[in-house]
Amino acid sequence: MRWMWIDRVIELVPRQKMVAVKNVSLAEEHLHDHFAADTQRGLIALPVMPASLILEGMAQTAGILVGHAEGFREKVILAKISRAELTADAAPGTTLRYTAEIERMDAVGASTRGAIDLLDHARPDAGFRPIGTIDLMFSHLDQNMAGAQFPEHNFVFGEGFKTLLRTSGIAVPD
Amino acid sequence: MTRDEIAAKVRNVLVDALAVDEEEVTPTASLRNDLGAESIDFLDIVFKLEQAFGFKVAQGELFPEGVQSDPKYVQNGVVTPEGLASLKARLPHIDFSALEQDPQITKVAGIFTVDTLVRFVANKLGVK
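**Student:** Account for helix α1 (residues 51-69) of chain A, with residues named and values stated.
**Tutor:** An α-helix turns once per 3.6 residues; consequently, residues spaced three or four apart project the same way. Residue and element names in this part refer to chain A. Taking 1.5 Å of rise per residue, the 19 residues of α1 would be expected to cover 27 Å, and the 27 Å separating its terminal C-alpha atoms lies within 8% of that figure. In terms of burial, α1 is largely enclosed, as 15 of its 19 residues are buried. Phi for G71, located one or two positions after α1, is positive at around 60°.

**Student:** Lay out the sheet that holds strand β2 (residues 17-23) of chain A with the relevant residues and their values.
**Tutor:** The 6 strands lie next to each other as β1-β2-β4-β5-β6-β3 (chain A), forming an open sheet whose pairing is antiparallel. The open sheet terminates on both sides in strands that have one partner only, identified here as β1 (8-13) and β3 (76-86) of chain A. Averaged over all pairs of adjacent strands, the angle between their axes in this sheet comes to 20°, without regard to strand direction. Alignment of β2(A) against strand β4 (residues 94-105) of chain A, held across 7 bridges, turns out to be antiparallel. Residue A:V21 lies in a different strand from β4(A), and its bridge partner there is A:R97. Of the strands in this sheet, β3, β4, β5 (109-120) and β6 (129-140) of chain A touch helix α2 (residues 39-53) of chain B, which is tilted by about 115° from β6(A).

**Student:** Describe the nonpolar core, with residues and values.
**Tutor:** Residues B:V10, B:L14, B:L31, B:I45, B:L49 and B:L117 are the most contacted members of the largest nonpolar core, which totals 42 residues. Those elements giving two or more residues to this core turn out to be α1 (3-18), α2, α3 (81-90) and α5 (114-125) of chain B. Looking at which domains feed residues into this core, each of domain 1 (1-56 + 112-128) and domain 2 (64-111) of chain B supplies at least three. By size, the runner-up hydrophobic cluster in this structure holds 39 residues, among which are A:L53, A:I54, A:L65 and A:I170.

**Student:** Help me get a handle on the domain arrangement of chain B, residues and values and all.
**Tutor:** Residues and elements named next belong to chain B. As assigned here, chain B comprises domain 1 (1-56 + 112-128) and domain 2 (64-111). In this complex, domain 1 contributes 9 residues to the contact, which on the side of domain 2 involves 8 residues. Summed over both sides, the interface between domain 1 and domain 2 buries roughly 780 Å², with carbon and sulfur atoms accounting for 61% of that surface. Three residues stand out in domain 1 for area buried against domain 2, namely F112, T116 and R119, and they jointly supply 61% of the buried area on that side. In this structure, the connection of domain 1 to domain 2 is made through 0 salt bridges. Counting across the domain 1 and domain 2 interface gives 4 residue pairs in polar contact (both at pLDDT 80 or more).

**Student:** Tell me about the pattern of salt bridges, and name the residues and values.
**Tutor:** The tally for this structure, following the rule as stated, stands at 19 salt bridges over all chains. For the salt bridge of A:R83 with A:D135, the shortest nitrogen-to-oxygen distance reads 3.6 Å. Placement of A:R83 in strand β3 and of A:D135 in strand β6 is noted, with a sequence separation of 52 residues between them. A relative accessible area of 38% means that A:R83 is categorised as partly exposed. Relative accessible area serves as the criterion here: at 8%, A:D135 is assigned to the buried category. A network of salt bridges, in which partner residues are shared, links A:R83, A:E103, A:R113, A:D135 and B:D16.

**Student:** I'd like a rundown of the packing of aromatic side chains, residues and numbers included.
**Tutor:** In this description, an aromatic ring pair is defined by two values, namely the gap between the centres and the angle between the planes. The full count for this structure, using the stated rule, is 8 aromatic pairs over all chains. For the ring pair A:W3 and A:W5, a centre distance of 5.5 Å and an interplane angle of 80° mean the geometry is edge-to-face. With 6.2 Å between their ring centres and 65° between their planes, B:F42 and B:F112 make a pair best called edge-to-face. With B:F42 in helix α2 and B:F112 in the loop between α4 (97-101) and α5, this pair connects stretches of sequence that are 70 residues apart. The burial state of B:F42 is the same as that of B:F112; both residues are buried. Grouped by ring-pair contacts, the aromatic residues A:F72, A:F157 and A:F161 constitute a single cluster. The ring centre of B:F55 lies 5.2 Å from the NZ or CZ of B:K124, which sits over that ring.

**Student:** Describe the interface of chain B and chain A, with residues and values.
**Tutor:** The interface of chain B with chain A comprises 19 residues on the first partner and 18 residues on the second. The contact between chain B and chain A buries some 1,400 Å² in all, and 57% of this surface belongs to carbon and sulfur atoms. Taken together, the connections running from chain B to chain A amount to 4 salt bridges. Where chain B meets chain A, there are 6 residue pairs in polar contact (both at pLDDT 80 or more). Secondary-structure elements contributing two or more residues to the side of chain B that touches chain A are α1 and α2 of chain B. Within the side of chain B that touches chain A, the residues separate by chemical class into 8 nonpolar, 5 polar and 6 charged.

Rules used throughout
- Residues numbered from 1 in each chain as written.
- Chains lettered and ligands numbered in written order.
- Predicted model: local features only at pLDDT ≥ 70, side-chain atom pairs only at ≥ 80, totals over all residues.
- Heavy atoms only, no water.
- Helix = DSSP H or I, 4+ residues; strand = E, 2+ residues; numbered from the N terminus.
- Expected span 1.5 Å × (residues − 1).
- Buried < 20%, exposed > 50% of the residue type's maximum accessible area, 1.4 Å probe, protein only.
- Pairing = 2+ DSSP bridges.
- Axes fitted to C-alpha atoms, helices over the stretch in contact; angles between N-to-C directions.
- Contact = heavy atoms within 4.5 Å.
- Core = buried A, V, L, I, M, F, W, Y, C linked by side-chain atoms within 4.5 Å.
- Domains from an automatic or database assignment.
- Buried area = accessible area lost by both parts, 1.4 Å probe.
- Salt bridge = Lys/Arg side-chain N within 4 Å of Asp/Glu carboxyl O.
- Polar contact = N/O pair within 3.5 Å; in protein donor to acceptor, adjacent residues only side chain to side chain.
- Phe/Tyr/Trp six-rings, centres within 6.5 Å; stacked < 30°, edge-to-face > 60°.
- Lys NZ or Arg CZ within 6 Å of the ring centre and 35° of its normal.
- Nonpolar A, V, L, I, M, F, W, Y, C, P; charged D, E, K, R; others polar.

Written as structure tokens, this is what we have:
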């Protein structure tokens, strides 16, 4: 399994905003354990996307936005979850929409604000409804305050991310 | 803006950035040792101060950067007299007296207190 928690980028305003979607599928193995039925406690199975992976989806959305701003030259690392609040579960057959906006960015890092909306395909007329916010901070790894050195190769933005951008119709630097 | 108003805003910034209780944010509280700030929190604090007060903070203006890796400033884990003089000149809002007594590099993080931030903002805004 590739560690990609967004399926497609649907909007990119460089240095400002990025919107991505993730379709939640019952083919994702972890949903069968999250949460599996517990017969001893009389609980039926409840497959929902783990909140930690929703966080990862927002981190990837916001991280790509921050990385794109400098042509993916910086190694952009998630450094802090400033705030995370989710008010509903994402079940199989729903679509999550991540909207990340850069709040502040400088040479050493960036802070982003993020909104999460959910579309229930059984009720398409209801459209996307807000289910939470996730605000994050990213560090440009090579500009860290401690002066630590890292490999020159940009190991953050690998082939998976490049493929995602390309299939979303966004130009990727070589 | 008065110094008390600055202090109140700084307190809000720290409560927000470090998820600490208001009562913990006393003037002498060390950002790292008492309030648990880690390296990324210092950037968060800079961003939040900029938002709260409407000014820009240049890299290295509030907190020193690259000190540990500069042999001119640090030798054998101790801040050199030259390093200390340079820090004092660059960062007038910081009280370096504790570091002058015990100039170990490990003590540098402890000298950033809540009052350091209040002094920094007051200097930026020209408030006595």
